[in-house]
Amino acid sequence: MTALTLKLNSLIKLTREQFYQLCAENPDLKLERNAQGELIIMPPTGGGTGRSNVNLILQVASWNEQNQLGEVFDSSTGYTLPNGADRSPDVSWLEKSRWDALTEEEKEKFIPLCPDFVIEILSPSDSLIKTQQKMQEYMSNGCRLGWLINRKKQEVEIYRPEQEVEVLQSPQTLSGENVLLGFVLNLERIW
């Protein structure tokens, strides 16, 4: 099963609040919205992807718990990006001052920012091209570091602002560089 895209703009253009309400009233659906206002219905992941996702979250959250530099979010968290897209990366992180600057209402709804760091895991139902486009969208909206993990190929694409994508074959670790200072992701349990 692959993601399904619904084009509704000729019928209705959902406001940010209406899209949030649509998601709230349909909690069994994982919805995203691209910058053109098209709804993307994401299928559930399989066990392998879900297991890898939890392992990634645990590693990032453990580092963050020790360093207290920001906040870690799972794939259920929605972000409204500056270009108007509403996205939910598999793992994301926001620097502490950016999170603290949000109002309580902004923290409870889709976060009106682009994350500083994202991880997307390519699941068997994902389109590589569409996921790469999503990673580029994060970068063009202010993300500082992104990893696209392709478990099947044991490949990682590293995204940085205004740089060519770096592709690594079967890396054992990844560095959080100057974004997640001191963080090293162990990929042993991901592959």
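Residues numbered from 1 in each chain as written. Predicted model: local features only at pLDDT ≥ 70, side-chain atom pairs only at ≥ 80, totals over all residues. Heavy atoms only, no water.

K.L.:
Lay out the sheet that holds strand β7 (residues 91-95) in plain terms, naming residues and giving numbers.
P.N.:
The strands making up a sheet associate through hydrogen bonds between their backbones, and the pairing can be parallel or antiparallel. Read from one edge to the other, the open sheet built from six strands follows the order β4-β7-β8-β9-β10-β11, with strand pairing classed as mixed. The two strands at the open ends of the sheet, each matched to only one other strand, are β4 (70-73) and β11 (166-169). Strand-to-strand twist in this sheet, taken as the mean axis angle between neighbours without regard to direction, amounts to 15°. Both strand β9 (residues 145-150) and strand β10 (residues 155-159) contribute to a ladder of five bridges, which runs antiparallel. Within β10, the residue paired with Gly 146 across the bridge is Tyr 159. Helix-sheet contacts for helix α2 (residues 47-67) involve β4, β7, β8 (117-121) and β9, and the interaxial angle to β8 is about 160°. Packing against the sheet, helix α5 (residues 128-140) makes contact with β8, β9 and β10, and its axis sits at approximately 170° to β9. (Pairing = 2+ DSSP bridges. Helix = DSSP H or I, 4+ residues; strand = E, 2+ residues; numbered from the N terminus. Axes fitted to C-alpha atoms, helices over the stretch in contact; angles between N-to-C directions. Contact = heavy atoms within 4.5 Å.)

K.L.:
Describe the nonpolar core, naming the residues involved and giving the relevant values.
P.N.:
In this structure, Leu 56, Phe 117, Ile 119, Trp 147, Ile 149 and Leu 185 are the most contacted members of the largest nonpolar core, which totals 20 residues. Put simply, the parts of the chain that give this core at least two residues each are α2, β7, β8, β9 and β10. Formed by 18 residues, the second largest nonpolar core is a distinct cluster that contains Phe 73, Leu 102, Leu 122 and Cys 143. (Core = buried A, V, L, I, M, F, W, Y, C linked by side-chain atoms within 4.5 Å. Buried < 20%, exposed > 50% of the residue type's maximum accessible area, 1.4 Å probe, protein only.)

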